[in-house]
Amino acid sequence: MKAFMKEFKEFAMRGNVMDMAVGVVIGGAFGAIITALVDNIITPIIGAVMGGVNFSKLAITVGKATIGYGAFIQAVIDFLIVAFCIFCMIKAMNKATNMKKQEEEAPEEPTTKECPFCKTEIAIGATRCPNCTSVLELNADIDLEKPEA
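Cut-offs and rules
Residues numbered from 1 in each chain as written. Predicted model: local features only at pLDDT ≥ 70, side-chain atom pairs only at ≥ 80, totals over all residues. Heavy atoms only, no water. Helix = DSSP H or I, 4+ residues; strand = E, 2+ residues; numbered from the N terminus. Rg over C-alpha atoms; globule rule 2.2 N^0.38 Å. Buried < 20%, exposed > 50% of the residue type's maximum accessible area, 1.4 Å probe, protein only. pLDDT = per-residue confidence, 0-100. Contact = heavy atoms within 4.5 Å. Patch = residues over 30% accessible without salt bridge, like charges linked within 9 Å, V, L, I, M, F, W, Y side chains within 5 Å. Areas by Shrake-Rupley, 256 points an atom, 1.4 Å probe, with all protein chains shown as cover. Salt bridge = Lys/Arg side-chain N within 4 Å of Asp/Glu carboxyl O. Expected span 1.5 Å × (residues − 1). Disulfide = S-S within 2.5 Å. Core = buried A, V, L, I, M, F, W, Y, C linked by side-chain atoms within 4.5 Å.

S.K.: Whenever I open this one, the overall build of the protein confuses me. Can you help?
M.R.: Looking only at helices and strands, one finds 3 helices and 4 strands in the protein. For the protein, the C-alpha radius of gyration of 34 Å lies well beyond 15 Å, the compact-globule estimate for 149 residues. Considered along the principal axes of its C-alpha atoms, the protein spans approximately 100 × 60 × 30 Å. Relative to its 149 residues, the protein shows a buried fraction of 13%.

Structure representation (structure tokens):
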């Protein structure tokens, strides 16, 4: 039994299990906020636009059974709002992640070039190849008056 408890403790204290627990607690609180938003703000606005309909009291009586479909409509609205919020959060996270990846993958400016005569790698600002001593074409962006640092 001690080995079982030790194994359970190791499992419960792992980082991803704790992260998941925090997510469930925050998700529950977020769900309560969304339910309050739907029940107290959105549903009354939709009801007013639709001619004063109160969703919570919508029901059909079939024989002796009462089917309260208004609560179902409110639950669907809750779900759509939560799904939209999660979609927006994931979209923002993906955009931030993609921007970070693009910054990491940005190519650095080249510091060397290939000599067109002997095909060796030389400094980008070189005007003469140090290997074959050929005179190279001048780059327009290099100022010959100022020596490079």
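S.K.: How do you make sense of the confidence of the model for the protein when you look at a structure like this?
M.R.: Note: predicted coordinates in regions of low pLDDT should not be interpreted at a detailed level. Confidence in the prediction for the protein averages 80 pLDDT; 91% of positions are at 70 or higher. Throughout residues 140-147 the model reports pLDDT below 50, and contacts reaching past four residues in sequence, or to other chains, amount to 5 contacts.

S.K.: What am I meant to see in a nonpolar patch on the surface here?
M.R.: On the surface, I60, V62, I67, Y69, F72, V76, F79 and L80 cluster together into a nonpolar patch covering about 780 Å² of accessible area. For the nonpolar patch, the secondary-structure elements that each account for two or more residues are β1 (60-62) and α3 (69-105). Sorting elements by how many residues they give to the nonpolar patch places α3 first, with 5 residues. Locating F79 in the fold gives a position in helix α3.

S.K.: Just checking my understanding: could you explain α3 for this structure?
M.R.: Side chains that are three or four residues apart share a direction in an α-helix, a result of its 3.6 residues per turn. When the terminal C-alpha atoms of α3 are compared, their 53 Å separation across 37 residues agrees well with the 54 Å that a helix rising 1.5 Å per residue should span. Looking only at α3, the buried set comprises G70, Q74, I77, D78 and I81.

S.K.: Help me out: how do you make sense of unusual backbone geometry in this one?
M.R.: Peptide bonds are trans in most cases, and residues, glycine excluded, mostly fall at negative phi. Unusually for a residue other than glycine, K119 sits at a positive phi of about 65 degrees. On the secondary structure map, K119 appears in the loop between β3 (112-114) and β4 (121-123). Accessibility expressed as a relative area gives 51% for K119, which makes it exposed. Phi at T133 takes a positive value of approximately 60 degrees, unusual for a residue other than glycine. Along the chain, the position of T133 falls in the segment after β4.

S.K.: What is the right way to look at the state of the cysteines in this model?
M.R.: By definition, a disulfide links two cysteine residues through a covalent bond between their sulfur atoms. In this structure the tally under the stated criterion is 0 disulfides. With no disulfide of its own, C115 has C118 as its nearest cysteine by sulfur position, at a separation of 3.7 Å. With no disulfide of its own, C132 lies closest to C129 among cysteine sulfurs, the gap being 3.7 Å. By relative accessible area, which is 27% here, C132 ends up partly exposed.

S.K.: What should I look at first to understand the side chain of S134 in this one?
M.R.: Mapped onto the secondary structure, S134 falls in the segment after β4. Residues in contact with S134, not counting those within four places in the same chain, are F117, T127, R128 and C129.

S.K.: Explain the nonpolar core here, please?
M.R.: The nonpolar side chains of a soluble globular protein tend to be buried with one another. Counting residues in hydrophobic clusters, the biggest one holds 5 residues: C115, I122, A126, C129 and L136. Other than its neighbours up to four places away in sequence, L136 contacts K113, C115, P116, F117, I122, A126, T127, R128 and C129.

S.K.: Help me understand the environment of T111, please; the structure alone is not making it clear to me.
M.R.: Counting through the fold element by element, T111 comes out in the loop between α3 and β3. On the basis of relative accessible area, T111 is assigned to the exposed category, the value being 60%. In this structure, the C-alpha to C-alpha distance between T111 and I122, residues 11 residues apart in sequence, is 8.7 Å. If sequence neighbours within four positions are ignored, T111 has contacts with I122, A123 and I124.

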